[in-house]
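Residues per chain, in single letters:
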Amino acid sequence: MTLHAVDFDELVLYAACPLCDSRDLSHLLSFACTHHPSYRPGMSSELHWQTCDGCGHVFRNGYYTDEAAALIFAEVLAEMEIGHDIERWRVMSARMIERVLPYRQRGTWLDIGFGNGGLLFTAAEFGFRPIGCDLRSASVDKIREFGIEAYCADVNDLVFDHEVSVVSMGDVLEHIPYPKAALQTVNRLLEVGGVLLLSMPNFETVVWQMMDMHGVNPYWSEIEHYHNFSRTRLYELLAETGFEVASYGISERYRTCMEVVARKA
């Protein structure tokens, strides 16, 4: 892999909390990130995390400029290659889909940030019409080769001539600079009673606490993450954007992750 250096402004700094707009912010911690596979020479060697004193949300001090993001997303990490470890992901995706089946058994399934495509392929197997959205153009091109409708676009730019039955965001919301706006867009895309399936790390777990205690928490140095969510703050955000939580579960995708099913109110 050739690492291209960053030779321009790396971050757009947050002036206020991206969830509640409060300007009462406190520095939480800084963590080295040069070991991360997406690190580029010239980028800051540390990620700086802060807490909103208004709503309790934890987030970085800024998000990448378009130029820096383009460099990061130009590379597709091995585990994000279309079809990577597909048999294991098929089984894991099936368990995710089974969380949705009590609320929707058919219709259009939109997966935002589809990664290796495992969830989309499995949703099709269950009888849903799969649609993918991802910021990595190479991944979009590749999944189209399998007959999957897919778009290389920001979630806020998505427009369809039909409503969507299910939207999944598997470990995606923490990558989006302004999650509230993204969830408002998802709410607009969904049909009434449509289902949102979310997974992401949850810092309100004993696993997170123990990783912090031993200094091995990978999420403080995760370059592609802008946010660390708690179950509490996520539930509040879902209510603020027109969703009702239907169920909580533990995700098998990554360490200390939660899996939440919500419905459009």
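Scope of this entry: the structure provided in the associated data block. Computed from a prediction, not measured in an experiment: that's the story for all the values here. (Residues numbered from 1 in each chain as written. Predicted model: local features only at pLDDT ≥ 70, side-chain atom pairs only at ≥ 80, totals over all residues. Heavy atoms only, no water.)

## A closer look at the overall build of the protein chain
Okay, step 1: Each helix and strand in the protein chain was counted, giving 7 helices and 13 strands.
Okay, step 2: Radius of gyration (C-alpha) of the protein chain: 18 Å, near the 18 Å computed for a compact globule of 265 residues.
Okay, step 3: Dimensions along the principal axes, computed over C-alpha positions, put the protein chain at roughly 45 × 40 × 35 Å.
Okay, step 4: Expressed as a percentage of the 265 residues in the protein chain, the buried residues total 51%.
Okay, step 5: For the protein chain, restricting intrachain contacts to residue pairs at least 6 apart in sequence, the fraction spanning at least 24 positions comes to 69%.
Okay, step 6: Taking the average place of the 21 positive charges on the side chains of the protein chain and the average place of its 37 negative ones, the gap between the two points comes to 7 Å. (Helix = DSSP H or I, 4+ residues; strand = E, 2+ residues; numbered from the N terminus. Rg over C-alpha atoms; globule rule 2.2 N^0.38 Å. Buried < 20%, exposed > 50% of the residue type's maximum accessible area, 1.4 Å probe, protein only. Contact = heavy atoms within 4.5 Å. Lys, Arg positive; Asp, Glu negative; His and termini not counted. Charge placed at Lys NZ, Arg CZ, Asp CG, Glu CD.)

## Considerations on the packing of aromatic side chains
The geometry of an aromatic ring pair is captured by two quantities: the separation of the ring centres and the angle between the planes.
Okay, step 1: Taken as a whole and judged by the stated rule, the model has 13 aromatic pairs.
Okay, step 2: Arranged with centres 5.6 Å apart and planes meeting at 80°, the rings of tyrosine 14 and tyrosine 178 form a pair that is edge-to-face. Linking tyrosine 14 in the loop between β1 (11–13) and β2 (25–32) with tyrosine 178 in the loop between β9 (164–170) and α5 (179–189), this pair joins segments that are 164 residues apart in sequence.
Okay, step 3: When the centroid spacing of 6.0 Å and the interplanar angle of 55° are considered together, the rings of phenylalanine 203 and tryptophan 208 count as tilted.
Okay, step 4: Through pairs of rings, three or more aromatic residues link up here, namely Tyr14, Phe59, Tyr63, Tyr64, Tyr178 and Tyr226.
Okay, step 5: Against the face of tyrosine 248 rests arginine 231, its NZ or CZ located 4.8 Å from the ring centre. (Phe/Tyr/Trp six-rings, centres within 6.5 Å; stacked < 30°, edge-to-face > 60°. Lys NZ or Arg CZ within 6 Å of the ring centre and 35° of its normal.)

## Points about the pairing of strand β6 (residues 108–112)
Okay, step 1: The buried count for β6 comes to 5 of 5 residues, which makes it a mostly enclosed element.
Okay, step 2: Going residue by residue along β6, you find Thr108, Leu110 and Ile112 tucked away on one face and Trp109 and Asp111 tucked away on the opposite face as well.
Okay, step 3: Both β6 and strand β7 (residues 129–133) contribute to a ladder of 5 bridges, which runs parallel. What sits directly across from leucine 110, in β7, is isoleucine 131. (Pairing = 2+ DSSP bridges.)

## Notes on the sheet that holds β9
Okay, step 1: Read from one edge of the open sheet, 7 strands run β8-β7-β6-β9-β10-β13-β12, paired in mixed fashion. Only two strands of the sheet have a single neighbouring strand rather than two, namely β8 (149–151) and β12 (243–250). If you compare each strand with its neighbour and ignore which way they point, the axes differ by 20° on average.
Okay, step 2: Against the sheet, helix α7 (residues 231–240) contacts β10 (190–201), β12 and β13 (257–264), and its axis sits at roughly 155° relative to β12. (Axes fitted to C-alpha atoms, helices over the stretch in contact; angles between N-to-C directions.)

## Some points on the packing of α5 against α7
Okay, step 1: At a minimum axis distance of 9 Å, the contact between α5 and α7 shows a crossing angle of 50°. By the angle between their axes, α5 is oblique relative to α7. Between α5 and α7 the crossing geometry is right-handed. Touching Pro179, Lys180 and Leu183 of α5 are Leu237, Leu238 and Glu240, all from α7.
Okay, step 2: By residue class, the composition of the contact of α5 with α7 is 4 nonpolar, no polar and 2 charged. (Parallel < 35°, antiparallel > 145°, perpendicular 65-115°, else oblique. Left-handed = near helix turned anticlockwise from the far one by under 90°. Nonpolar A, V, L, I, M, F, W, Y, C, P; charged D, E, K, R; others polar.)

## Remarks on the pattern of salt bridges
Okay, step 1: Using the criterion set out here, one finds 13 salt bridges in the structure.
Okay, step 2: Note that arginine 88 and aspartate 85 form a salt bridge whose closest N and O atoms lie 2.6 Å from each other.
Okay, step 3: By relative accessible area, arginine 88 is classed as partly exposed at 45%.
Okay, step 4: In this structure, glutamate 145 and lysine 142 form a salt bridge, with 3.3 Å as the shortest nitrogen-oxygen distance.
Okay, step 5: The class of glutamate 145 is exposed, set by a relative accessible area of 59%.
Okay, step 6: Accessibility expressed as a relative area gives 36% for lysine 142, which makes it partly exposed.
Okay, step 7: Connected through salt bridges with shared partners, the residues Lys180, Arg233, Glu236 and Glu240 form a single ionic network. (Salt bridge = Lys/Arg side-chain N within 4 Å of Asp/Glu carboxyl O.)

## Describing the nonpolar core
Okay, step 1: Counting 52 residues, the largest nonpolar core has Leu110, Met169 and Leu196 as its most contacted members.
Okay, step 2: Those residues within four positions of methionine 169 in sequence are excluded, and the remaining contacts are Asp111, Ile112, Ile176, Leu183, Val186, Leu196, Leu197, Leu198 and Ser199.
Okay, step 3: Judged by nonpolar contacts, the second largest core, of 11 residues, contains Leu119, Ala123, Phe128 and Val166. (Core = buried A, V, L, I, M, F, W, Y, C linked by side-chain atoms within 4.5 Å.)

## Some remarks on the side chain of serine 251
Okay, step 1: Note that serine 251 resides in the loop between β12 and β13.
Okay, step 2: A polar side-chain atom of serine 251 sits 3.1 Å from the main-chain amide nitrogen of arginine 253.
Okay, step 3: A polar atom in the side chain of serine 251 sits 3.4 Å from the side chain of glutamate 259.
Okay, step 4: Look past the residues within four positions of serine 251 in its chain and what remains in contact with it is Ser199, Cys257, Met258 and Glu259. (Polar contact = N/O pair within 3.5 Å; in protein donor to acceptor, adjacent residues only side chain to side chain.)

## Considerations on the packing of helix α2 (residues 86–100) against helix α3 (residues 118–125)
Okay, step 1: Between α2 and α3, the shortest axis-to-axis distance is 8 Å and the interhelical angle comes to 65°. The hand of the α2/α3 crossing is right-handed. Facing Ile86, Trp89, Arg90, Ser93, Ala94, Met96 and Ile97 of α2, the residues of α3 in contact are Gly118, Leu119, Phe121, Thr122, Ala123 and Glu125.
Okay, step 2: Split by residue class, the contact of α2 with α3 holds 8 nonpolar, 3 polar and 2 charged.

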